[in-house]
Amino acid sequence: MPGVGPRSAGLIGKGLLGIYLSALVLLPIAALMSKASTGGAGSFWREITSPEALAAIKLTLAASAIVVAINAVFGTLIAWVLVRDEFPGKRAVNSVIDLPFALPTIVAGLVLLALYGKGSPVGINVTFTRVAVGLALLFVTLPFVVRSVQPVLLELDVSMEEAAASLGARPLTVIRRVVLPSLVPAIVSGIALSFARALGEFGSLVLITGNLPFKTEVGSVYIFGQIQNESLPSAAAVSVALLFVALVVLALLGVVSKRWSRHVL
Amino acid sequence: MRTRRTVLVLCLPIVLGLAACGSSGSSGKQLALVAYSTPKSAYEALIPAFQSTAGGKGVSFSQSYGGSGEQSRAVANGQHADVVNFSLEPDVERLVKAGLVSQSWNQNATHGFVTNSVVVFMVRKGNPKHVTGWADLVKPNVQVVTPNPFTSGGARWNIMAAYGAQLKEGKSPAQAEEYLKQMFHKVVSQDSSARNSLQTFLAGRGDVLLGYENEAIAAQKKGSAIDYLVPKDTILIQSPAAAVGSSNSATQFVSYLVSPAAQAIWVSKGYRPVISGVPGSSKFPTPAGLFTIDSVGGWKTVSKQFFEPETGIVTKIEQSLGVSTSK
Amino acid sequence: MSSSGPGVVSISPPAIRSAPRLPASDAQRTARRAARARKLGLRTLALGYLALLLGAPLVMIFYRTFEHGLAPVWNAVTAPNAVHAFWLSIEVVAISVPLNTIFGIGMALLLERGRFWGKGLLGLLIDLPFAISPVVVGLSLVLVYGKTGWLGDWLAENGIQVIFSVPGMVLATAVVSLPFVARETIPVLREIGTDAEQAAETLGASAWQTFWRVTLPAIRWGVVYGVVLTTARALGEFGAVSIVSGRIEGQTQTLPLYVQDRFENFDSTGAYTAALVLALLALGTLLAMNLLTRRTRGRMEA
C-alpha cells in the first residue's frame, strides 16, 4: 500500500491485533478477576463456599469427571471402529460425530428433553435428575476424544500389533500393551478438552435439568442465577474458581503447551 | 488494484458493525416495552388496540419479557425502555431510584397499578392430592413449585400470600415464619420467572404450583391439564406500569392501559380489572380472606424484612435448605 | 491368534492384507470367527452408543417439527420474529467471523513468523475462550461494557449501547469463536515453512505481496477449515448471548434465543422449527467440514 512502509504497517497490524485481543479477552478477564476479588480473599472464599455455590461446583466437577471417563472409553471405541472397521454408511457416521459441536446447545437441550423427558417416545423421564445432567454433558463432549484419537490411530503402525499377535499375544493383550500406550496422549488430550467443555456447559442443561439448587444446578447455571440476582461478586467468584480449575486441568494434562509445540488435530 | 479490493472487502464487517449499531437505535415513534413474564399474550391484543386509537397512531413497539426482578435490573443497568410493566411496585421503585421513572409515577387514580390478580394453587387435573388450603402444602406427600423470589416478582407474591394467610388464620408472626420454612422444604423447583415455573410444573414436576390467577387461566385456555383453586385466604396481586422518561407516547400508552377498553382486554386474558364496571369482571370469585400487601406491612418493609440479600427471612430460609439432608 | 499351523504370518502389512489362501486349520477358523465376532461386537457397541446419543436427537427434531403437519411449520417459519431472529443470527455471524478470521491469521503469523518473548502466554490467551463457560464470557463482557462496567461511563457519554444491543451480541459471539482460525492456521504455517516466503523476499516482493501471493494461498485450506469451525460455533452460541441480549423480541433475539423463547411460550412447533433450521445449518457445516478435512489432511477413516 503506497505511503505506508512495511515497518509501520506491521506495527499498526500488531497494534490492531493487540486492541482486538484486549477488547475481547484481556479486559473482560481482568474485570472478572477484579470483581471476584472485591472484598478481598476472605469474601472470595465465602462466595465459593456458600452452600448453594459449593453444591453447584461439586456437582459440576463430579458430573464432568464421570462424563469424561465414559467419553474416554466410548470415544476411543468409536474412533477405533471408525478407523479400523468397514461398514456401509461409515462416512456418514464419521461426519455426524461433530454434530454436538455444530449444534446450538439450546437445541441439544430441547431434543434431549423431548427424548428423555415427559412425553418421551421411549417412556424414559429423567428431567430434573442428575442423570439428565450426565446425558446432556455426554452429548456435548462426544466429539473431543474421538477426534483426538482418530489421527493417531490412523498413523499407528499396524505391523506392531501383528508382530505382537504373531508372538502369541491375545487380542486383549495386544490392545493393552501395544495400542493403548500410543493412544494415551491423544486420549488424555481429548479428556482435557472434554472436561473443560463440560465444566462450562450451560445451554443444554437449562431446559432438562430444572436447575434445582443443591440437586441438579451446575456451576454455570448458578453463575447465571447470581447474575440475575445482581450478586455480581458472587457470580464472578464462582466463575473465576471454575475457570481456574479448567486451566489447571488443561495445563496439567499438557494440552496447551503440546498444541503449541507440535502438530495435533 | 487487488489490494484495494481486499481492503474494501475487509472493511465490510466494520461497515456492517456500524450499521448494526445504528439499526439497534429507534427511528420514528417506537416504544420499548419491558415487562414481566406473564402479560405477553395480553399485550398481543393491547398493542394493536392502542395503535388504533388517536394517541397510538403510528407508534410501533418492541417488547421484552422476563422475570420481573430480572427485567427491572436490566433496565436499571442500561437496557432501553420506554414503558415498563412489572409484577410488583418495588421493581418500579428501583427505576425511580435510578432516576429513570418520575417520582410521581403513581399519583393517579389507580395508584400506578394496571392489573389485579390473586395467588392461586394450580394442581393436576382432578386435584389428585386433594389440596384445598395452605395447610395442605406442608403435608408430607405434597411437593410445591414456586419461582425464585430473587428474580421473579410472582414468587414474592406467593411467599407473602402464604405468610399473610397464616396471619389471617390467627397465627403469630413467628408461627407464620415457621410455616414458610416448612413450605420451602416442600419446594422442588425454583425457576427464574413465573412463566418458567409454569413450564416446570407442566413438565411433570411437583403437585401444586403457586402463581398468578391469570397464568392459570391462560394455561387452561391453552389446553394444559391443570385445575386451579383460589384459596380462602390469599393476597391481591397489584401490578404496576410506568413510563420511563417523559415521552408523550409512553405516558399515553400507560394511561391507555387503565382505560375501559384496555381493562376489558385484560379481563378477557384472565386479569382482574383495577377500575369498576368492566364487563366480564364478575367471573372472578372474591376470596373471603382477601388481603393486600399493606396488611402485612407494605412492600418497603416486606422487601427489607424478607428479601434482603444477606439478612432477609427468606434468604435465611433458602440458605438453611442447603444444610438439610432431606430428599 | 495361534502361531501354530502352516499359515504364514509375516510382519509386513501388505502381506497380511492379501492373506494367502491356504487351507485354514480349525484353530485358525475359530480364531478368525472370534475376531469377527469381536469386531461385530465393537461395531454394535459403538454404533449403538452413537445412535442413542446422536441419531435419536436428530430424528426427534424432524419428528417433533412436523408432528402437527406442514401448515404450522410454515407459519412458524414465516413468523416475523422467527425471520428476524434468523437474519440477526446471520448478521452477527457475518460480522464476527471475518473479524475473527483476520485476527486468527494475524495471530498465526505473529506466533509462527514473529520473534518475541511470551509466545506461550499469547497462545494461552487465544485459547482461553475454550476454558471459559459461555455464561462467564457474558458476565465478563457486562463487567466491562455494561452501564456499571469499566467502560460504562465512557460508552454512555458517547451514546454507544453495547450490552443489551446487537454490538454486545456480536462481541459475545466473537469471543466464544475466537480461537479456531488461529488454531487451524498455525500448524499449516509451521508445515509450509519459510522457504517460499524467503525466496519471494529475495526476489523483491514487499511484505504484503509475499503474504498475499505466497503465504495466503499456501494456508488457505487451514484458514477455510478454521472459518467453518468459527461459523459453526458462532451460529450456535447461546449462553453468552443470552446474558448480553436483553431479550428484546424482534431485535435482540438470535435464532438460538428464539428457540428458548418459543419453548417458554408453549409454542412447541415454533421452537422445533427454529431448532430444525439450526440443525440443518449444523448439518451443512458438518458437510463442509467433512469435505475440507479430506482435502487438507487426508481421510479420518482408514
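These numbers come from a predicted model, not from an experiment.

(A) Geometry of the overall build of chain B. Across its full length, chain B holds 12 helices and 10 strands. Expressed as a percentage of its 327 residues, the buried residues of chain B come to 57%. Counted over contacts in chain B with a minimum sequence separation of 6, partners at least 24 positions apart contribute 73%. As displayed, chain B offers around 13,200 Å² of accessible surface, 56% of which is attributable to carbon and sulfur atoms.

(B) Fine view of the side chain of Lys90 of chain A. Following the sequence through the fold, Lys90 of chain A ends up in helix 4 (residues 90-96). At 2.5 Å, the side chain of Lys90 of chain A forms a polar contact with the backbone oxygen of Asp85 of chain A.

(C) Structural detail: the environment of Asn106 of chain B. Residue and element names in this part refer to chain B. The residue Asn106 is located in the loop between helix 4 (89-97) and strand 4 (113-124) in this model. Sequence separation between Asn106 and Ile159 is 53 residues, and the spatial gap between their C-alpha atoms is 25 Å. Setting aside its immediate chain neighbours within four residues, Asn106 contacts Glu89, Glu93, His111 and Gly112.

(D) Looking closely at the pattern of salt bridges. This structure, assessed with the given rule, holds 18 salt bridges over all chains. Asp85 of chain A is the partner of Arg43 of chain C in a salt bridge, and the nearest nitrogen-oxygen pair spans 2.7 Å. With Arg43 of chain C in helix 2 (residues 26-66) and Asp85 of chain A in the loop between helix 3 (51-84) and helix 4, this pair bridges two chains. Owing to a relative accessible area of 5%, Asp85 of chain A belongs among the buried residues under this scheme. Between Asp267 of chain C and Arg262 of chain C there is a salt bridge, with the nearest N and O atoms lying 2.9 Å from each other. For Arg262 of chain C, a relative accessible area of 13% gives the class buried. Here the residues in one salt-bridge network are Asp261, Arg262 and Asp267 of chain C, joined through shared partners.

(E) Highlighting the packing of aromatic side chains. Residue and element names in this part refer to chain B. Counted under the stated rule, the structure contains 22 aromatic pairs over all chains. Relative to Phe61, the ring of Phe50 has its centre 6.1 Å away and its plane inclined at 80°; by these criteria the two rings are edge-to-face. Residue Phe50 is found in helix 2 (residues 40-51), and its partner Phe61 is found in strand 2 (residues 60-65); the two are separated by 11 residues along the sequence. Pair check on accessibility: Phe50 and Phe61 agree, each one buried.

(F) Structural view of helix 8 (residues 213-221) of chain B. Residues and elements named next belong to chain B. Looking at helix 8, one finds that the buried residues are Glu213, Asn214, Glu215, Ala216, Ile217 and Ala219. Of the surrounding secondary structure, the elements contacted by the buried residues of helix 8 are strand 4, helix 7 (194-202), strand 7 (208-212) and strand 8 (226-229). Gly223, located one to two residues past helix 8, shows a positive phi value of around 90°.

(G) Quick peek at the interface of chain C and chain B. Listed as interface residues are 26 residues of chain C and, on the opposing side, 30 residues of chain B. Between chain C and chain B, the buried area comes to about 2,600 Å², and carbon and sulfur atoms account for 54% of it. Taken together, the connections running from chain C to chain B amount to three residue pairs in polar contact (both at pLDDT 80 or more). Breaking the side of chain C that touches chain B down by element, the ones donating at least two residues are helix 4 (80-113), helix 8 (166-176), helix 11 (207-236), strand 1 (248-249) and helix 13 (255-264) of chain C. Broken down by element, the side of chain C that touches chain B gets its largest block of residues, six residues, from helix 4 of chain C. Grouping the constituent residues of the side of chain C that touches chain B by class yields 13 nonpolar, six polar and seven charged. With two bridges joining them, strand 2 of chain B and strand 1 of chain C adopt antiparallel strand pairing. Within strand 1 of chain C, the position partnered with Gln63 of chain B by the bridge is Glu249 of chain C.

(H) Layout of the confidence of the model for chain A. Residues and elements named next belong to chain A. Averaged over all residues, the pLDDT of chain A is 83; the fraction at 70 or higher stands at 92%. Taken element by element, the predicted model of chain A shows its lowest mean pLDDT in helix 13 (residues 255-259) (52) and its highest in helix 3 (91). Under a pLDDT of 50 for its full length, residues 260-265 has, in the predicted model, 17 contacts with residues more than four places off or in other chains.

(I) Region of interest: unusual backbone geometry. All names here are of chain B. Positive phi values are uncommon outside glycine, yet Asn127 reaches one of about 50°. Its place among the elements puts Asn127 in the loop between strand 4 and strand 5 (144-145). The class for Asn127 is buried, based on a relative accessible area of 17%.

(J) Geometry of the environment of Tyr163 of chain B. All names here are of chain B. Looking at where Tyr163 falls in the secondary structure, it is placed in helix 5 (residues 153-168). Between the C-alpha atoms of Tyr163 and Arg272, which are 109 residues apart in sequence, the distance is 22 Å. Not counting the four nearest positions on each side in its chain, Tyr163 is found in contact with Pro173, Ala176, Glu177, Leu180, Val296 and Phe306.

(K) Molecular detail of the nonpolar core. Core analysis: the largest hydrophobic core is formed by 169 residues, its most contacted members being Leu21, Ile78 and Ile223 of chain A together with Leu139 of chain C. Per-element tally for this core: the top contributor is helix 3 of chain A, with 15 residues. Other than its neighbours up to four places away in sequence, Ile78 of chain A contacts Ile97, Leu142 and Val146 of chain A together with Ala46, Tyr49 and Leu50 of chain C. Counting residues in each nonpolar core, the second largest holds 66 residues, with Val142, Leu180, Met183 and Trp299 of chain B among its members.

(L) Molecular detail of a nonpolar patch on the surface. A cluster of nonpolar side chains, contributed by Phe62, Phe66, Leu70 and Leu280 of chain C, occupies part of the molecular surface with about 390 Å² of accessible area. In this fold, Leu70 of chain C is placed in helix 3 (residues 70-78).

(M) Examining the interface of chain C and chain A more closely. At the interface, 93 residues of chain C touch 92 residues of chain A. Between chain C and chain A, the buried area comes to about 8,400 Å², and carbon and sulfur atoms account for 77% of it. Taken together, the connections running from chain C to chain A amount to one salt bridge. For the pair chain C and chain A, the interface holds five residue pairs in polar contact (both at pLDDT 80 or more). Residue contributions to the side of chain C that touches chain A peak at 18 residues, all from helix 2 of chain C.

(N) Just the pairing of strand 9 (residues 233-243) of chain B, in detail. Residues and elements named next belong to chain B. The element strand 9 is largely enclosed, with a buried count of 11 among its 11 residues. Relative to strand 9, strand 4 runs antiparallel, the two sharing five bridges. For Val118, the partnering residue across the bridge sits in strand 9 and is Leu236. Pairing geometry for strand 9 and strand 10 (residues 289-291), over three bridges, is parallel. Considered in strand 10, the bridge of Asp233 is made with Gly289.

(O) Up close: the packing of helix 4 of chain C against helix 9 (residues 179-192) of chain C. All names here are of chain C. Axis separation between helix 4 and helix 9 bottoms out at 8 Å; the angle between their running directions is 40°. Taken as axis vectors, helix 4 and helix 9 run oblique relative to one another. Every pair of crossing elements has a handedness; the one defined by helix 4 and helix 9 is right-handed. Taking contact as the criterion, the partners of Asn100, Thr101, Gly104, Ile105, Ala108, Leu109, Leu111, Glu112 and Arg113 in helix 4 are, on helix 9, Val181, Ala182, Thr185, Ile186, Leu189, Arg190 and Ile192. Of the residues contributing to the contact of helix 4 with helix 9, the split by class is nine nonpolar, four polar and three charged.

(P) How the structure looks around the environment of Leu156 of chain A. All names here are of chain A. Turning to its location among the elements, Leu156 is positioned in the loop between helix 7 (130-155) and helix 8 (158-166). In this structure Leu156 comes out as buried when scored by relative accessible area, which is 17%. Residues Leu156 and Ser204 lie 48 residues apart in sequence; the distance between their C-alpha atoms is 36 Å. Other than its neighbours up to four places away in sequence, Leu156 contacts Arg84, Glu161, Val179 and Ser182.

(Q) Layout of the pairing of strand 2 of chain B. All names here are of chain B. Among the six residues of strand 2, five are classified as buried, and the element is accordingly described as predominantly covered. Pairing between strand 1 (residues 30-35) and strand 2: six bridges, direction parallel. Bridge assignment links Ala32 to a residue of strand 2, and that residue is Ser62. Following the chain from strand 1 across helix 2 to the adjacent parallel strand 2, one finds a crossover that is right-handed.

Reading the values: the criteria
Residues numbered from 1 in each chain as written. Chains lettered and ligands numbered in written order. Predicted model: local features only at pLDDT ≥ 70, side-chain atom pairs only at ≥ 80, totals over all residues. Heavy atoms only, no water. Helix = DSSP H or I, 4+ residues; strand = E, 2+ residues; numbered from the N terminus. Buried < 20%, exposed > 50% of the residue type's maximum accessible area, 1.4 Å probe, protein only. Contact = heavy atoms within 4.5 Å. Areas by Shrake-Rupley, 256 points an atom, 1.4 Å probe, with all protein chains shown as cover. Polar contact = N/O pair within 3.5 Å; in protein donor to acceptor, adjacent residues only side chain to side chain. Salt bridge = Lys/Arg side-chain N within 4 Å of Asp/Glu carboxyl O. Phe/Tyr/Trp six-rings, centres within 6.5 Å; stacked < 30°, edge-to-face > 60°. Buried area = accessible area lost by both parts, 1.4 Å probe. Nonpolar A, V, L, I, M, F, W, Y, C, P; charged D, E, K, R; others polar. Pairing = 2+ DSSP bridges. pLDDT = per-residue confidence, 0-100. Core = buried A, V, L, I, M, F, W, Y, C linked by side-chain atoms within 4.5 Å. Patch = residues over 30% accessible without salt bridge, like charges linked within 9 Å, V, L, I, M, F, W, Y side chains within 5 Å. Axes fitted to C-alpha atoms, helices over the stretch in contact; angles between N-to-C directions. Parallel < 35°, antiparallel > 145°, perpendicular 65-115°, else oblique. Left-handed = near helix turned anticlockwise from the far one by under 90°. Right-handed = clockwise from strand over helix to strand, strands pointing away.

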